[in-house]
Amino acid sequence: MNARTNRRSQEVSRWFYSQRAGDIRPETRPDGRSAVSVPVYSLPRQHSPPRGQTRAVLPPQPYPSHPPPPLRAAAAPPRGGPAPSPPKPAAPAPARGGLQAAGLGDGSEPPAPPCPAAMAAAELWRLRRPLAAAFSRAAAAGSGRPPPPPEKLTVRRQAEGVRNIILNDPRKRNALSLSMLQSLREDLLHDVKSKDLRVIIISAEGPVFCSGHDLKELSSEDDVKHHSQIFEICAEVMTLIQKLPVPVIAKVNGLATAAGCQLVASCDIAVASEKSQFATPGVNIGLFCSTPAVALGRSLPRKVALEMLFTGEPLSAQEALMHGLVSKVVPEDKLEEETMKISHKICESSKSVLALGKATFYRQMTQDLDAAYKMTTQVMVDNLTLRDGQEGIEAFIQKRKPVWSHSQDQKK
C-alpha cells in the first residue's frame, strides 16, 4: 500500500469507527477481500477522481460488529444533462454530520443518533476509580488477604532524633477533620518515651498549612454528639502538644486559619516563611473561633487576639512575629534549613532535662507569681538530683562535652 492509499485509509477509518456511517457502503473485490466504497465528494478534493466515480479502500481490521447503513446521497447527474437544482437552505445551527465530524464530508448529511457503545464507554470511564477500588477489595477478599488500608492523612518520618509529622491532605487544604485529628494524635504519641525521639516538627503538604476544621463535618446533617467528638479530640490534641516530653515545632509555609492557627499557637516553637498568614475568620461564617481563642489568648496580646477574632482579618508573617505568635520568619527557601538548625540544637541537650523544664514552664504559667517561684525553686533542686543534671555540671567544670543518659534516674 503506497503512502497516498495509506493516508486515505486512515481518513476513512477515523470516520468508520465513529459509527456515524451514512455515505459508505460495503463492496467485495475480485480477489474476494472485503472493502468499502467511499463517495468522491467525501474525499479530499486534491486527491479525488472524476465526479461520480468511487474508489475502494481497505479498512483496518477488525471490522465493526454491524455493517453501515446504505448510501443516501444522490448520484451525480449524467454528462450533458440538466444542472442539479440548488440545495435547500439548511436549518439554523445544524448538527455536524458523521463525515464532517471525521474531517471527510461537508456537513450536508443528517446527524447520526448517539452511539450506545460510546455512551457505555464514557460511563465506564466515569466509574473507573470506584470500579477499580471495588475490584481491589474483591480480589483481596477472594485471596484471603485484608483490603489495603486507606491513605493516611498524616505522614510520619523520623531520623537522627527528629520526627517530622506532615499534614497530608492538600486537596482539602489540610483541614482538621476527625480522621486528620485522630491520625495526628497517633503520630504524636507514637513511641514518645523513646530516647531516640528528641524533637517533633509539624509541617504540611501544599500551599495551605491548615484551614481549620472540615466544615462539612459541622453541618446539621450530623448530630450534636458527632460535633462534640470533633471539638473534644481537637482540644485533646492541642493540650497534648504541650504535655509531650519533647519540644514541638510548627514549620509553617502558607495560610493557617481557625483551628490551623490554633495548632500553630499551641506548638512550643513556630518558624514561618515570609509568605505565611494567620487568621481566625470563623466570625465571617457565623461560627466564632472560641476554641482557637484559647491558644491565641495565651500567645498574643489581648487586643491583638481580639482584633483577629472579631474581624477575621489575617496577620502577615512579620506581624505574627512582632506580636509573638511565631518565633522566626525566614525566606521560603530557608525554612527547612532554619527549622532543622533549631531541631539539631535541641538534640544536643538531655531529653530528661528538657522534659522537666517544659512541664515546669507550662505549670508555672497558670500560677500567680509567688506560687510560681515556690514551685520552680523545688524543681531546680530536683533537677540537681538527676544523673544528667550532675553530668552537665561535671562536664562544664572538667571542660569536656557532656555524655547524656536521657533518663530520669537520680545521681547516686
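Before reading on, note that the structure itself is shown above.
The rules we used
- Residues numbered from 1 in each chain as written.
- Predicted model: local features only at pLDDT ≥ 70, side-chain atom pairs only at ≥ 80, totals over all residues.
- Heavy atoms only, no water.
- Buried < 20%, exposed > 50% of the residue type's maximum accessible area, 1.4 Å probe, protein only.
- Helix = DSSP H or I, 4+ residues; strand = E, 2+ residues; numbered from the N terminus.
- Pairing = 2+ DSSP bridges.
- Axes fitted to C-alpha atoms, helices over the stretch in contact; angles between N-to-C directions.
- Parallel < 35°, antiparallel > 145°, perpendicular 65-115°, else oblique.
- Left-handed = near helix turned anticlockwise from the far one by under 90°.
- Contact = heavy atoms within 4.5 Å.
- Nonpolar A, V, L, I, M, F, W, Y, C, P; charged D, E, K, R; others polar.

### Topic: the pairing of strand β8 (residues 248-252)
Here is the key point about a regular strand: its side chains alternate between the two faces of the sheet.
Right, so step 1: The buried count for β8 comes to five of five residues, which makes it a mostly enclosed element.
Right, so step 2: Here β8 shows no split at all, with V248, A250 and V252 on one side and I249 and K251 on the other all buried.
Right, so step 3: Taken together, the three bridges between strand β6 (residues 199-204) and β8 define a ladder with parallel strand orientation. Residue pairing in the sheet places I202 in a bridge with A250 of β8.
Right, so step 4: Sheet analysis places β8 next to strand β10 (residues 269-273), joined by four bridges and oriented parallel. Note on β10: the bridge partner recorded for I249 is I269.

### Some points on the sheet that holds β6
Right, so step 1: Read from one edge of the open sheet, six strands run β4-β5-β6-β8-β10-β13, paired in mixed fashion. At either margin of the open sheet sits one strand with a lone partner, and together these are β4 (154-159) and β13 (328-330). Across the sheet, the mean angle separating the axes of adjacent strands is 20 degrees when strand polarity is ignored.

### Quick look at the packing of helix α5 (residues 178-189) against helix α6 (residues 224-243)
Right, so step 1: Two numbers describe how α5 lies on α6: the axes approach to 10 Å, and their chain directions differ by 25 degrees. It follows from the interaxial angle that α5 and α6 lie roughly parallel. Both α5 and α6 take part in a crossing whose hand is left-handed. Facing α5, whose interface residues are L178, L181, Q182, L184, R185, L188 and L189, α6 presents H226, Q229, I230, I233, C234, E236, V237, L240 and I241.
Right, so step 2: Its residues placed into classes, the contact of α5 with α6 shows 11 nonpolar, three polar and two charged.

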